[in-house]
Amino acid sequence: MPSNSNPLGALPSRFRRQRLLIVGCGDVGLRVARQLPPRVRVMALTSSPARLPDLRAQGITPLQGNLDAVFTLRRLAGLATRVIHLAPPPNDGAGARDDPRTRALLRVLRLRGLPQAVVYGSTSGVYGDCQGDEVSETRRVNPATPRAWRRVDAEDALRLFGRASGTPVHILRIPGIYAPDREGGTPRGRLLKGTPVLTAQDDVYTSHIHAGDLARACIAALWRGKPQRVSNASDDTRLKMGDYFDLAADIYGLPRPPRLGRDLAQQQLPISLLSFMGESRRLDNRRLKKELRLKLRYPTVNTGLR
């Protein structure tokens, strides 16, 4: 039966000597490693020598390499039986719409001993503004920012890799990630700063996923994900952004954030924050729960805000 230490339950014998490579092993990647059974060897690509002792201390084999320097990646060829790719595209600020990091990784994975499965952590931002509609995975992407376009480029490259090589690729489209033990993983810091939110008439729907649930979704997609498919990795909450922060303020016993109309917000708030406030959508997570058979443990209100 599934357990906290092994959310997939007893793995079939053919999976007992799996070698998993995590590319972009930050908070979520570390949670993935902690949830896997000991018989899965976990490796992590890192460009930082300072991280080597910490990764080893957590039972992860560190591999030094840099997605921005292709020649450092050749040792990855044929090394892993499964791959979780969580590394973001470069943010060069120049409006680039391609993701050279994902393409560099895929060039190496093609060299020798193709992996049995690849999972990619994308973003729900690829849908763009959906005017508050419920969004399923069949909706056409409509990215509105260079950041989202780079994710679309990565998704396209991964799908092409999957079709050409026969490697099952599963894409998770991820909204905001929360967790009390994650840096910046609760709205408390923003509430203490008094950062405004939009007025009710201008407000947008926002979606979330607990970091622990996201790690479990990555694992489930590795072994249960259908080839060349996408899943929305979101929990069940259906809140507008302002209501979410009001609720958080009430739970923390803090003042509710001030409300601004959209025109005034565009004058006072940074562009990075306005980009999130300009897109409204409610993610349909039925495929996540049905096809990946993932039962979400963490409703936002109960654990993300306390």
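Reading the values: rules and limits
Residues numbered from 1 in each chain as written. Predicted model: local features only at pLDDT ≥ 70, side-chain atom pairs only at ≥ 80, totals over all residues. Heavy atoms only, no water. Helix = DSSP H or I, 4+ residues; strand = E, 2+ residues; numbered from the N terminus. Rg over C-alpha atoms; globule rule 2.2 N^0.38 Å. Buried < 20%, exposed > 50% of the residue type's maximum accessible area, 1.4 Å probe, protein only. Contact = heavy atoms within 4.5 Å. Salt bridge = Lys/Arg side-chain N within 4 Å of Asp/Glu carboxyl O. Polar contact = N/O pair within 3.5 Å; in protein donor to acceptor, adjacent residues only side chain to side chain. Pairing = 2+ DSSP bridges. Axes fitted to C-alpha atoms, helices over the stretch in contact; angles between N-to-C directions. Core = buried A, V, L, I, M, F, W, Y, C linked by side-chain atoms within 4.5 Å. Parallel < 35°, antiparallel > 145°, perpendicular 65-115°, else oblique. Left-handed = near helix turned anticlockwise from the far one by under 90°. Nonpolar A, V, L, I, M, F, W, Y, C, P; charged D, E, K, R; others polar.

Enquirer: If you had to explain the overall build of the protein to someone new, which residues and values would you point to?
Expert: When helices and strands are counted, the protein shows 11 helices and 15 strands. Expected size for 306 residues packed as a compact globule is a radius of gyration near 19 Å; at 20 Å, the protein falls within 12% of this value. Along the longest, intermediate and shortest principal axes, the C-alpha atoms of the protein span 55 × 45 × 40 Å. Within the protein, the proportion of its 306 residues that are buried is 53%. Long-range pairs, those at least 24 residues apart, make up 78% of the contacts in the protein between residues at least 6 apart in sequence.

Enquirer: Before we move on, can you summarise the pattern of salt bridges with the specific residues and values?
Expert: Evaluated as defined, the whole model comprises 22 salt bridges. With its nearest N and O atoms 2.9 Å apart, the salt bridge here joins R182 to D27. Here the residue R182 occupies a position in the loop between β8 (176–178) and α5 (188–193), and D27 occupies one in helix α1 (residues 27–35), the gap between them amounting to 155 residues. Among the residues examined, D27 registers a relative accessible area of 25% and is labelled partly exposed.

Enquirer: Give a detailed account of the side chain of T102, specifying residues and quantitative values.
Expert: Position of T102 among the secondary structure elements: in helix α3 (residues 100–109). Within the structure, T102 has its side chain in polar contact with the side chain of D99 (distance 2.5 Å). Here T102 is in contact with H85, Y120, A154, A157 and L158, once residues within four sequence places are set aside.

Enquirer: Describe the sheet that holds strand β12 (residues 229–232), and please don't skip the residues or the numbers.
Expert: Spatially, 7 strands are ordered β3-β2-β1-β4-β5-β7-β12 in an open sheet, and the strand pairing comes out parallel. Edge strands, defined here as strands with exactly one partner in the open sheet, are β3 (61–64) and β12. Sheet twist, expressed as the average angle between the axes of neighbouring strands with direction ignored, equals 20°. As paired elements, strand β2 (residues 41–46) and β3 share 4 bridges and run parallel to each other. Note on β3: the bridge partner recorded for A44 is P62. Strand contacts of helix α4 (residues 146–165): β5 (117–123), β7 (169–174) and β12, with the helix running at about 165° to β5, the strand carrying the most contacts.

Enquirer: Explain the environment of K226 to me, and be specific about the residues and the numbers.
Expert: Within the secondary structure, K226 is located in the loop between α6 (211–224) and β12. Separated by 55 residues in sequence, K226 and I171 place their C-alpha atoms 9.8 Å apart. Residues within four places of K226 in sequence aside, it is in contact with V169, H170 and E291.

Enquirer: Describe the nonpolar core, listing the residues and the values that go with them.
Expert: With 34 residues, the main nonpolar core has L20, V32, L36, I60, I84, L172 and L214 as its most contacted residues. If you list the elements that add at least two residues to this core, you get β1 (19–23), α1, β2, β5, β7 and α6. If near-sequence neighbours (up to four positions away) are discounted, L214 is found in contact with V28, L172, I174, I177, I209 and A233.

Enquirer: Tell me about the environment of P258, and please be specific about residues and values.
Expert: Of note, P258 is situated in the loop between α7 (241–252) and β14 (259–260). Note on P258: relative accessible area 41%, which makes it partly exposed. As for P258 and Q116, which are separated by 142 residues in sequence, their C-alpha atoms are 50 Å apart. Ignoring anything within four residues of it in the chain, the contact list for P258 reads G194, T195, P196 and V197.

Enquirer: Please give an account of α1 that cites residues and values.
Expert: Extensive coverage of α1 is indicated by the burial of 7 of its 9 residues. Buried within α1 are the following residues: V28, G29, L30, R31, V32, A33 and Q35.

Enquirer: Could you give an account of the packing of α3 against α4, with specific residues and numbers?
Expert: Two numbers describe how α3 lies on α4: the axes approach to 9 Å, and their chain directions differ by 15°. Comparing their axes, α4 and α3 come out roughly parallel. When you trace α3 past α4, the crossing you get is right-handed. Of α4, the residues touching α3 (which contributes T102, R103, L106 and L109) are D153, A154, A157, L158 and F161. Residue classes in the contact of α3 with α4 are distributed as 6 nonpolar, 1 polar and 2 charged.

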